[in-house]
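Analysis of the macromolecular model
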Number of protein chains: 2
Amino acid sequence: MIQTDLIKGSLRTIVLKLLKENGRMYGYEITRRVEELTAGKIKLTYGALYPVLHKLESEGVLVTEQENYNNRIRVYYSLTEKGHSMVSEKIRELMEFIESLQGIVNPQTNPNYA
Amino acid sequence: MIQTDLIKGSLRTIVLKLLKENGRMYGYEITRRVEELTAGKIKLTYGALYPVLHKLESEGVLVTEQENYNNRIRVYYSLTEKGHSMVSEKIRELMEFIESLQGIVNPQTNPNYA
DNA sequence: TGAAAATATATAAGATGTTTATATAATGTA
DNA sequence: TACATTATATAAACATCTTATATATTTTCA
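What you see is a predicted model; the values in this text were computed from it and never measured.

1. Let's talk about the protein's contact with DNA strand D
Around DNA strand D lies a shell of 27 residues, among which Asn71(A), Arg72(A), Tyr28(B), Arg32(B) and Arg74(B) are the nearest. Across the atoms of DNA strand D situated within 4 Å of the protein, the share located in sugar and phosphate is 79%. Within the contact set of DNA strand D, a phosphate oxygen lies 3.3 Å away from a side-chain nitrogen or oxygen of Thr45(A). Measuring from a phosphate oxygen of DNA strand D, one finds a side-chain N or O atom of Tyr26(B) at 3.0 Å. At the level of secondary structure, the elements contributing two or more residues to the surface near DNA strand D comprise helix 3 (46–58) of chain A together with helix 2 (27–37), helix 3 (46–58) and strand 3 (72–79) of chain B.

2. Quick word on the pattern of salt bridges
Residue and element names in this part refer to chain A. As enumerated under the stated definition, the model contains 20 salt bridges over all chains in all. Where Glu 67 meets Arg 24, a salt bridge forms, and the shortest distance between an N and an O atom there is 2.8 Å. On the criterion of sequence distance, the pair formed by Glu 67 in strand 2 (residues 62–69) and Arg 24 in strand 1 (residues 24–26) is long-range, its members being 43 residues apart. Taking the relative accessible area as the measure of exposure, Glu 67 reaches 33% and is therefore partly exposed.

3. Re helix 1 (residues 11–22) of chain A
Residues and elements named next belong to chain A. The terminal C-alpha atoms of helix 1 lie 17 Å apart, and with 12 residues this matches the ideal 16 Å at 1.5 Å per residue to within 8%. Restricting attention to buried positions, one finds in helix 1 the residues Leu 11, Thr 13, Ile 14, Val 15, Leu 16, Lys 17, Leu 18 and Leu 19. Within two residues after helix 1, Gly 23 carries a phi angle of roughly 80°, on the positive side.

4. Brief notes about the protein's contact with DNA strand C
Neighbouring DNA strand C are 27 residues; Tyr28(A), Arg32(A), Arg74(A), Asn71(B) and Arg72(B) lie closest to it. In DNA strand C, the atoms that sit within 4 Å of the protein are 78% sugar and phosphate, with bases accounting for the remainder. Residue Arg72(A) places a side-chain N or O atom 3.2 Å away from a sugar or linking oxygen belonging to DNA strand C. Those elements giving two or more residues to the surface near DNA strand C turn out to be helix 2 (27–37), helix 3 and strand 3 (72–79) of chain A together with helix 3 of chain B. The residue inventory of the surface near DNA strand C, partitioned by class, reads 10 nonpolar, nine polar and eight charged.

5. Some points on the pairing of strand 2 (residues 62–69) of chain B
Residues and elements named next belong to chain B. Note that strand 2 and strand 3 share eight bridges and pair antiparallel. In the sheet register, Glu 67 faces strand 3, and the bridge partner there is Arg 74. Joining the antiparallel neighbours strand 2 and strand 3 is a turn of two residues, in which Asn 70 adopts a positive phi near 55°.

6. What to know about the packing of aromatic side chains
Residue and element names in this part refer to chain A. One pass over the structure, following the stated rule, counts four aromatic pairs over all chains. Relative to Tyr 76, the ring of Tyr 26 lies with its centre 5.4 Å away and its plane at 85°, an arrangement referred to as edge-to-face. Of this pair, Tyr 26 sits in strand 1 while Tyr 76 sits in strand 3, placing them 50 residues apart in sequence. With respect to class, Tyr 26 is no different from Tyr 76; both count as buried.

7. Considering the sheet that holds strand 2 of chain A
All names here are of chain A. Strand order in the open sheet formed by three strands is 1-3-2, and the pairing between neighbours is antiparallel. Either end of the sheet is taken by a strand with one partner, and the two such strands are strand 1 and strand 2. Recorded for the sheet is a direction-independent mean angle of 35° between the axes of neighbouring strands. Running over the sheet, helix 2 touches strand 1 and strand 3 and is turned about 95° from strand 1. Running over the sheet, helix 3 touches strand 2 and strand 3 and is turned about 120° from strand 2.

Thresholds applied
Residues numbered from 1 in each chain as written. Chains lettered and ligands numbered in written order. Predicted model: local features only at pLDDT ≥ 70, side-chain atom pairs only at ≥ 80, totals over all residues. Heavy atoms only, no water. Near = heavy atom within 4 Å. Polar contact = N/O pair within 3.5 Å; in protein donor to acceptor, adjacent residues only side chain to side chain. Helix = DSSP H or I, 4+ residues; strand = E, 2+ residues; numbered from the N terminus. Salt bridge = Lys/Arg side-chain N within 4 Å of Asp/Glu carboxyl O. Buried < 20%, exposed > 50% of the residue type's maximum accessible area, 1.4 Å probe, protein only. Expected span 1.5 Å × (residues − 1). Nonpolar A, V, L, I, M, F, W, Y, C, P; charged D, E, K, R; others polar. Pairing = 2+ DSSP bridges. Phe/Tyr/Trp six-rings, centres within 6.5 Å; stacked < 30°, edge-to-face > 60°. Axes fitted to C-alpha atoms, helices over the stretch in contact; angles between N-to-C directions. Contact = heavy atoms within 4.5 Å.

Just geometry here; none of it tells us what the structure is for.
What follows is the structure, given as structure tokens:
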């Protein structure tokens, strides 16, 4: 696990993207999924994740449902209509950002390289 | 110009990478170069850039030289030995981060996708 | 059976980093 | 002459992240 500070700024979009794909997820599941998708390179911290989830909920982007599973409470998060309508745009922005970063880090593959 | 908040965390590495490639640069030049390399998509703000430059200088990663050009002072930044020895590692981390992000945003191209 | 690891959510304090606004000033361009 | 560009810089406000901490159940391994 290397990059932690790099995540800044993309965490929201990552959460939205995963929820779009999976319908609904709980916090712990999100951290597992991110580890899975990044071969263990990105490990989300709960101190970062939960505030983001709560913020997105307060903004009306997510809703929660609590369920009982094995005597434990699970809080499932899913996109609202508002969430659905913003997630595509957010993903597009993130992809553009990734491309831009590549243009800087790997300029030989970049047509804008002067 | 779309992503501003996404830059968070990668700004330091971007600056280091550009200085490695160009030998020495001044602040304004760095913002221009980033715009150039990203087709205008990333525009660094000076409020973010200068604090980063000053911090890197105080950490011994960069040194400055002031020069006069057209009656204006230009502050050139360049890597120290310490800066040179850390920049490759930082770039590697950023590239790994980019790959990880792609694994999340574009999972069909990701071998870790379960 | 007992201990450790994994599962599961959450908050607070402190640190860090960014945006926005502001100040200053010279040169180039229309 | 006025506006855009070039050029550096700081401060206040805001947003975000890390680290530490608390709690509790289930699963796994020895």
